[in-house]
Amino acid sequence: MAPAKSSGPPSLKVILVTFLLTTTWPNDQLKSSFSSTDPGLYSASVTWPNPNITDNSGNFTIDSSHVPGSTFPPGTTSVTINAVDASQNRASCTFNITVVDTEPPVLNCSDRIVVSTLPGLNYSIVSIPSPVVTDNSLLEPVTSNDTLTAELPIGVFDVELSATDLAGNEETCFVRVEVQDRESPNITCPDDILEVLQPNSSSVNITWSVPAVVDNSGEFTYPVSVPESGSLFGIGNTTVNVSSADPSGNVGSCQFVVIVTANDRDYSAIESIQLSNVSYYLLAPRLLDYSPLLVTPLPQLNHCG
């Protein structure tokens, strides 16, 4: 005999299949994102494509820790995107956005600086104003050239100044410095020269030692004498001019006098005075001691005929 059937309700076997949400990036892009700060700002506005989201229900909502176009500071920030379907099934994905400050500081250097050498020296101590430095971080530069005082020789130089921000971005500027030599050579002329002509001579060759020259630059031209040493000098006073120049075009000079006489008392200036039948001569001697003029009477001359 067949067993009696149960009078209860038939059994029901239920198989529950759950389709979870999945999120993927198109072409596997933007799993991480790198961006530079925006010009002049210490941040970056970053956008990204929407991830691919699939769900069997076709109905889901999205929430995200950040939205495309958000502003991010320098460093790494994690962005998380969540998707929830009507059955409260969740899926999420995360990627990193790294913002790097690649903008160097801005330096405003001073204009050209012109200075003179220190007296008697071939260099100058130059003080260079610190540059005005700005940076997108709005912070002071981490490093800069602190020594703005330099010992520079004669010439033109480009002095490099630099500044570095917290991200290691460095910028430089140049200040042109010109050290000018405005100091003329110093020449030591010989003393005045007195020369007495030999009998029956009207001129004489006179020489002298080369005048000593010093200059702060250490360089100068050979001293030139006009007239030159060894020239012929006639009776009278002749001024000799000596000059020398340095590489900067500064010219130094000095003078001395060459005095040529017929003897130790030069009676070249003679005036005859006729009084009655007696002749007198006014002698105007030029003496080394510049003694007063002398009037010397001469014996009366015998007149024949």
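Residues numbered from 1 in each chain as written. Predicted model: local features only at pLDDT ≥ 70, side-chain atom pairs only at ≥ 80, totals over all residues. Heavy atoms only, no water.

**Quick notes on the environment of Gly155**
Applied cut-off: Each helix is a run of H or I in the DSSP string that is no shorter than four residues. Each strand is a run of E no shorter than two, and both are numbered from the N terminus. Categorising residues by exposure relies on relative accessible area from a 1.4 Å probe, with only protein chains included: less than 20% of the type maximum marks a residue as buried, more than 50% marks it as exposed, and the intermediate range marks it as partly exposed. Here, two residues are considered to be in contact whenever any of their heavy atoms come within 4.5 Å of each other.
Examined against the element boundaries, Gly155 turns out to sit in strand β15 (residues 155-164). Residue classification places Gly155 among the partly exposed positions, given a relative accessible area of 22%. Each C-alpha atom of the pair Gly155 and Tyr123 lies 9.1 Å from the other, and the pair is 32 residues apart in sequence. Leaving out residues up to four positions away in the same chain, Gly155 has contacts with Val177, Glu178 and Val179.

**So, the packing of aromatic side chains**
Heads up, the rule is: Think of it this way: a Phe, Tyr or Trp ring, Trp meaning its six-membered ring, pairs with another when their centres are within 6.5 Å, and the plane angle makes it stacked under 30 degrees, edge-to-face over 60, tilted otherwise.
In this structure the tally under the stated criterion is four aromatic pairs. Aromatic pair Trp208 and Phe256: ring centres 5.0 Å apart, planes at 80°, arrangement edge-to-face. Of this pair, Trp208 sits in the loop between β19 (203-205) and β20 (212-214) while Phe256 sits in strand β24 (residues 251-261), and the two are 48 residues apart along the sequence. Residue class for Phe256 comes out buried when judged on its relative accessible area of 1%. By way of ring pairs, the aromatic residues Trp48, Phe72 and Phe95 are connected into one cluster.

**Overview of the state of the cysteines**
What counts is decided by this rule: Note on terminology: pairs of cysteine sulfur atoms within 2.5 Å are recorded as disulfides.
By the definition in use, this model includes two disulfides. Between the sulfur atoms of Cys109 and its disulfide mate Cys173 the distance is 1.5 Å. Judged by the sign of its S-S torsion, about 40°, the bond between Cys109 and Cys173 is right-handed. Of this pair, Cys109 sits in the loop between β9 (106-108) and β10 (113-116) while Cys173 sits in strand β16 (residues 170-180); the two residues are 64 residues apart in sequence, bridging distant segments of the chain. For Cys173, a relative accessible area of 10% puts it in the buried group. For Cys189, the disulfide goes to Cys254, at an S-S distance of 1.8 Å. Judged by the sign of its S-S torsion, about 80°, the cystine formed by Cys189 and Cys254 is right-handed. With a gap of 65 residues between them, Cys189 in the loop between β17 (186-188) and β18 (193-196) and Cys254 in strand β24 connect regions that are remote in the sequence.

**Details of the pattern of salt bridges**
For side chains bearing opposite charge, pairing can occur when the charged atoms are close. Quick note on the threshold: Salt bridges are defined as contacts in which a side-chain nitrogen from Lys or Arg sits within 4 Å of a carboxyl oxygen from Asp or Glu.
As enumerated under the stated definition, the model contains two salt bridges in all. The closest approach of N and O atoms between Arg112 and Glu178, which form a salt bridge, is 2.4 Å. Taken together, the residues Arg112 in the loop between β9 and β10 and Glu178 in strand β16 connect sequence positions 66 residues apart. Here Glu178 falls in the buried class, since its relative accessible area comes to 18%. The shortest N-O distance in the salt bridge between Asp158 and Arg176 comes to 2.8 Å. Of the two residues, Asp158 is situated in strand β15 and Arg176 in strand β16; the sequence distance between them amounts to 18 residues.

**What to know about the pairing of strand β7 (residues 75-85)**
Formally: Strand pairing follows a simple DSSP-based rule, namely that at least 2 bridges must link the two strands.
Pairing of strand β5 (residues 60-64) with β7, which is carried by five bridges, proceeds in the antiparallel orientation. Each bridged residue has a counterpart across the sheet, and for Ser64 the counterpart in β7 is Ile81. Two strands pair when backbone bridges link them, and β7 and strand β8 (residues 90-100) are joined in this way by 10 bridges, in the antiparallel orientation. When the sheet's bridge partners are listed, Thr77 is paired in β8 with Ile97.

**Some remarks on the nonpolar core**
We count it as follows: By convention a nonpolar core is built from buried Ala, Val, Leu, Ile, Met, Phe, Trp, Tyr and Cys residues, the set being connected through side-chain atoms within 4.5 Å.
Membership of the largest hydrophobic core comes to 15 residues, with the highest contact counts inside it found for Ile206, Trp208, Phe256 and Val258. Looking at this core, the elements that each hand over two or more residues are β23 (236-245) and β24. With four residues, the top contributor of residues to this core is β24. Excluding anything up to four places from it in sequence, Ile206 contacts Ile193, Glu195, Ser229, Gly230, Ser231, Phe233, Val258 and Val260. Of all hydrophobic cores here, the second largest spans 14 residues; its members include Leu152, Val159, Val177 and Val179.

**Topic: the sheet that holds β23**
Short version of the rule: Whenever a helix is involved, its axis is fitted only over the stretch in contact; in every case the axis is a line through C-alpha atoms, and angles between N-to-C directions fall within 0 to 180 degrees.
Reading across from one edge, β18-β24-β23-β21 is the order of the four strands in this open sheet, with mixed pairing throughout. Edge positions in the sheet fall to β18 and β21 (224-226), since each of these pairs with one other strand and no more. Averaged over all pairs of adjacent strands, the angle between their axes in this sheet comes to 25°, without regard to strand direction. Of the pairings in the sheet, the one linking β18 to β24 comprises four bridges and is parallel in character. Across the sheet, Glu195 pairs through a bridge with Val260, a residue of β24.

**Things to note about the side chain of Asp215**
Threshold: In this tally, Lys and Arg are treated as positive and Asp and Glu as negative; His is ignored, and so are the chain termini. In the analysis that follows, any N or O atom pair within 3.5 Å is treated as a polar contact, provided that within protein one partner can donate a hydrogen and the other can accept it, and provided that, for residues neighboring in sequence, both atoms belong to side chains.
Secondary-structure assignment places Asp215 in the loop between β20 and β21. With no salt bridge to any partner, buried Asp215 finds its closest opposite charge in Arg182, at an N-O distance of 13 Å. In terms of polar contacts, Asp215 uses its side chain to reach the side chain of Ser217, at 2.5 Å. Residue contacts for Asp215: discarding those within four places in its chain leaves Asp181, Glu183, Ser184, Pro185, Phe220 and Asp246.

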